[in-house]
Each structure stands twice: as structure tokens, then as C-alpha cells.
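# Descriptive analysis of the structure
Here are the chains, one letter per residue:
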Amino acid sequence: MNLPFAYFDPSAGSLLLQALVGGFGGIVVVGRYLWTQYLGNGAAQSALSSSREMPVHIPSR
Amino acid sequence: MVQFDSGSFRDRSSRVFLHDDAVFRALTAESKATWDKASQSSFFQNLISSGLIVETEELSVDQACSFVLPAEFVSILRHRRIPFVSYPYEWSFGMLRQAALVHLQILTEAVRGGFILKDASPYNVQFCGAQPVFIDLGSFTELAPGEPWSAYRQFCELMLFPLLLQTYRGVHFQPLLRAQLEGIPAKHFMQWMRWRDLFRPGVFVNGWLQSALERNTQSLPTSTVRDLRSSGFHTSMIERMLQKLTHLVEKLKWTPERTQWTAYDETLPHVADDLQAKSEFVSTVCRNKARRLVWDLGCNDGRYSLIAAEHADLVVAMDQDHACIQQLYQSLAAKKQSTILPLCVELANSSPALGWRGRERKRLEDRGRPELVLCLGLIHHLVLASNIPLPEVIDWLASFGGEIILEFPTKEDDMVKALLRNKRDQYSDYSLDRLEFELLKRFEIPWRRSLPSGARTLFHAVPKTRPDGAA
């Protein structure tokens, strides 16, 4: 199902806040959300760091 | 081709236009499908019957065919016309608070019925006198499972933060909303708050926490709406949020400080002396014919607006003093008065055209032509305090095209003496003779009367009829 979006940016912070004040269930939702973000960022970070550490072959003259 | 209203462009799927003094809304196929479902649902019917939503009907295919619309629009609604459009930066605290509560009530019932409002703008609420009515039917949309309330931030910026600022810090919100049509961002709101305000209801969560979360989530690479949904966000969380916000707004109270204007009638002797004569004068002029729109400029406690409202469809009562307008609104709301609209307007600097290309929000003068203007106890403030030349004031009053009732205090009047006490009297144009000279250029004066206090005169001025019959 496609989610309808507003014609203005609701801001990620204000959306997260709704879950935070939504009781225990909301805190669980935010926890899951943050975990997903952490995993996503962690994967991106490790990919980024490994690319930084990749040895670059400089041909000798 | 139909010309859409210059303020109706943000939501592409639902646009308003005026035709023959009626208000219409064009809907795209998607909006039409939503309208069909919403208008059949019980929550919507209840809101219509309670008068919280503007009366609306869908035009038949034959009626709709008489309008030429862009191809994407497939249906047309006709709304009951609001007698005089007003904006949040002209409302008192009580009016903005009522608009917020109406919005929350409609939203709560919509969410329970499986719908939500796309936006949370106070401009979607209008006042018929002191009665609020929600006008943006294009804002209803179906609520998808797991979808959060996208307009929460807008609700805070345009309604909650202005109300909290007024309640906790006594900051009048009207100049802020007039300058920032999108409202007050959480970050700016927190700049007004002191440390101890963090412990006051609504500030920590809606202000500080929202501001902090906004700051820390600006660069997220993914859609938070989708991520929250997949993390298990539930509609009950929106309902809980709405419940909390409703409790918060219901508890907000602003007690206006006592200003020189709120006690005007009690403190100045000329008011009591002239009260009876002024009331009779206004009543006599007002009852000689029914009028659609009357303006009461500098209305103070609205005493003369009430007299005029007995013989007019609507009186717009304006005063620059927020405390006066708040008190007037409260008394009108308690009586469910629908023929007097109280507005905070500084007449020497009234609401200009604002927004995109200066067309989004209209000038005060462009929102209706008054047939009668009450200008009682005002002209000396405009000339002697705001330094506007007397001929300019008369020119401004004549520009409305209606009759006027004007009260003129001479320089012997105590209030005029008080205004000049610490100033150089540069006002050679401020005299009864000059006033009559300027009035007679544009008006006929069928009736004038000196008031018992001795230094004030009332005029009933009627625009001169031109040879072609036009006023």
C-alpha cells in the first residue's frame, strides 16, 4: 500500500515525536526504528570505512 | 477558463474559485473519490449537522459543465459563503484557541472514522461572527494504516506555539503570525522560553523535544513515514497524541492585563456623559435601512457594534487592543453571537496583502465593502497620535464607498488635551471647520449633533451621488 504524503515536509523529528508520546507501544516503535537506522547506518559506515582502507595500487615507474 | 482564488494553490488536488458571489471547490479524481467516501461516513455527517464544517453540496454534472476547468479536475463542490474572511493574525487569543480546538475535534473524529486531515492550518477555520467553522473540505484524506499525522509540526507552528507564547510569556502572537505566514518554528519558540518554562505543560515535549529531534534528524537518508510504518506505528498513537493536545489547549488561559482601553468607559467622564446620545444617534442611523456589512473601527467594548448588529447581517468590530477584542470575543462566544466578528486590527497599519506575490492573503479593505462605517472616538488618535493628516483620514474613510458615522472631539476635549499634553501642536488641520470642509468634498451631511460633554460632535455622512447615479 502506498502511503499518502502531505504537500509539505512534516519533518522526521515531529513524526518520531508522535511515536514517543504514543505510550509504551510508541516507545517500542521508536526503539525498532532506531535499531533499523543503526543497522542501516552501521552497514553504510562499514562499507564506507572499508572503501577508505582499500589499498590503492600505484604503478611504479 | 475558471480563475482560481489567488490563495488556493498549495494543495493541487483541491482548488477554490469564486463565481457570482458563491464559493466553489474543484476536485481532482483522487479528491473526488475521497470526498465520496468521506461525505457518506457518519463522522462527517455529524460534523456537518453540528455546524463545525461549512455547508457544502456537490454540483450535478449539468451544473458543473457550465464551468471550464483544467483537465485534471472532475467535480465541483459549492460551499456556503463566509460573510467576511479573517486571518489568524487578526484573531484574539480566544479565537485562535477555539480554532485549534475545532481542528483537534474534527481531526479526532476523522481519525476514528478512518480519515485524517492533510494539513493543520488555522486558515482552514473561519469565523461567522464568533462561531468557528472548518472550511477546507479538500483537506480530508483516507488514513493509511501505520501512517503518522504529517501535519503535527504545522499544528504546533501555527496554533500551539502562538497560544503557548501568549499564555506563558504574554507575547502577542498576531505580529509574529503576520510576519511569518508559516508560523513559529520550534527552534524560535524555544528562544522565547526561559528554563523554568520547560516545566510548564506542553513546552518540553512539543517545543524542546521536537526542536531537538528536528535538529538531529535533518540528514536522514530514508523516508521516516515509511520507516515508522514498518516499525509498527499504529493509529492509536495519533489518537493518544490528539487527546493530549486537546487537554493541553483546553487548559490554556490568557487573562489580559487591564489596559487603558479595557476600562475606557469607567475612567473617562465624557464617555458616561455622551453614552445615551451616541447610542441614540447610532441606533437612528442604523435602523433607517438594513445593511449587509458594517465596520466598527476602534470598537473598544463593542457597545455600538451591538446596536448596529440589530439591523445588519454582519458587523466587523475592529480594535488594536488585544485585551478589548479578547473580552468582546468571550462575551460574544458565550451568547453564540453570529453577527459580530471581533478582530485585532491596528488601523494605522491594517493587514496588508501578504504571501506569494502578495496575493495569498488579502488586504483588509479587499475582503468586503462596508455599507456603513462607525468611526467613534477614533479620529483624534489617528491624527494626533499616529500623525496621519486629517484629509488623509477622510480620504481613507471615503475609499470604502459607504456611509460613515464620525465622532469628532475638538481641541477643548479632555482626551485631545491629554494626547497633546507633551507634544508640539503641529496639527493646524485638526479643527471642526477643516473636518467639515474635507467631509463635504466627498459626502453630504444629513445629520449632525453636538454631544452633552460639550466638545464632541457626531456626523452622519452619506457619499455624494455622482451624476451617473453611482455613489
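Everything discussed here concerns the structure shown above.
Residues numbered from 1 in each chain as written. Chains lettered and ligands numbered in written order. Predicted model: local features only at pLDDT ≥ 70, side-chain atom pairs only at ≥ 80, totals over all residues. Heavy atoms only, no water.

### Some remarks on the packing of aromatic side chains
All names here are of chain B. Tallied over the full model, the rule gives 25 aromatic pairs over all chains. Here F4 and F17 contribute two aromatic rings whose centre-to-centre distance is 6.2 Å and whose plane-to-plane angle is 70 degrees, an arrangement assigned as edge-to-face. Linking F4 in the segment before strand 1 (14–19) with F17 in strand 1, this pair joins segments that are 13 residues apart in sequence. Given a relative accessible area of 14%, F4 falls into the buried group. Overall, the relative accessible area of 1% leaves F17 in the buried class. (Phe/Tyr/Trp six-rings, centres within 6.5 Å; stacked < 30°, edge-to-face > 60°. Helix = DSSP H or I, 4+ residues; strand = E, 2+ residues; numbered from the N terminus. Buried < 20%, exposed > 50% of the residue type's maximum accessible area, 1.4 Å probe, protein only.)

### Overview of helix 10 (residues 235–251) of chain B
Taking 1.5 Å per residue as the helical rise, helix 10 of chain B with its 17 residues ought to reach 24 Å, and the 25 Å between its terminal C-alpha atoms agrees with that figure. T235, M237, I238, M241, L242, L245, T246, L248 and V249 of chain B are the residues of helix 10 of chain B that are buried. (Expected span 1.5 Å × (residues − 1).)

### Observations regarding the sheet that holds strand 9 (residues 291–297) of chain B
Where strands meet in a sheet, backbone hydrogen bonds hold them as pairs that are either parallel or antiparallel. All names here are of chain B. Strands sit in the order 11-10-9-12-13-15-14 across an open sheet of 7 strands; the sheet is mixed. With partners counted over all chains shown, the strands left at the sheet margins are strand 11 (340–344) and strand 14 (443–450), one partner each. Across the sheet, the axes of successive neighbouring strands diverge by a mean angle of 20 degrees, strand direction being ignored. Here strand 12 (residues 372–375) runs beside strand 13 (residues 403–409); their pairing, made up of 4 bridges, is parallel. Each bridged residue has a counterpart across the sheet, and for V373 the counterpart in strand 13 is I404. (Pairing = 2+ DSSP bridges. Axes fitted to C-alpha atoms, helices over the stretch in contact; angles between N-to-C directions.)

### Details of the interface of chain B and chain A
Facing the 39 residues of chain B at the interface are 29 residues of chain A. Between chain B and chain A, the buried area comes to about 3100 Å², and carbon and sulfur atoms account for 70% of it. Taken together, the connections running from chain B to chain A amount to 0 salt bridges. Connecting chain B to chain A are 4 residue pairs in polar contact (both at pLDDT 80 or more). (Contact = heavy atoms within 4.5 Å. Buried area = accessible area lost by both parts, 1.4 Å probe. Salt bridge = Lys/Arg side-chain N within 4 Å of Asp/Glu carboxyl O. Polar contact = N/O pair within 3.5 Å; in protein donor to acceptor, adjacent residues only side chain to side chain.)

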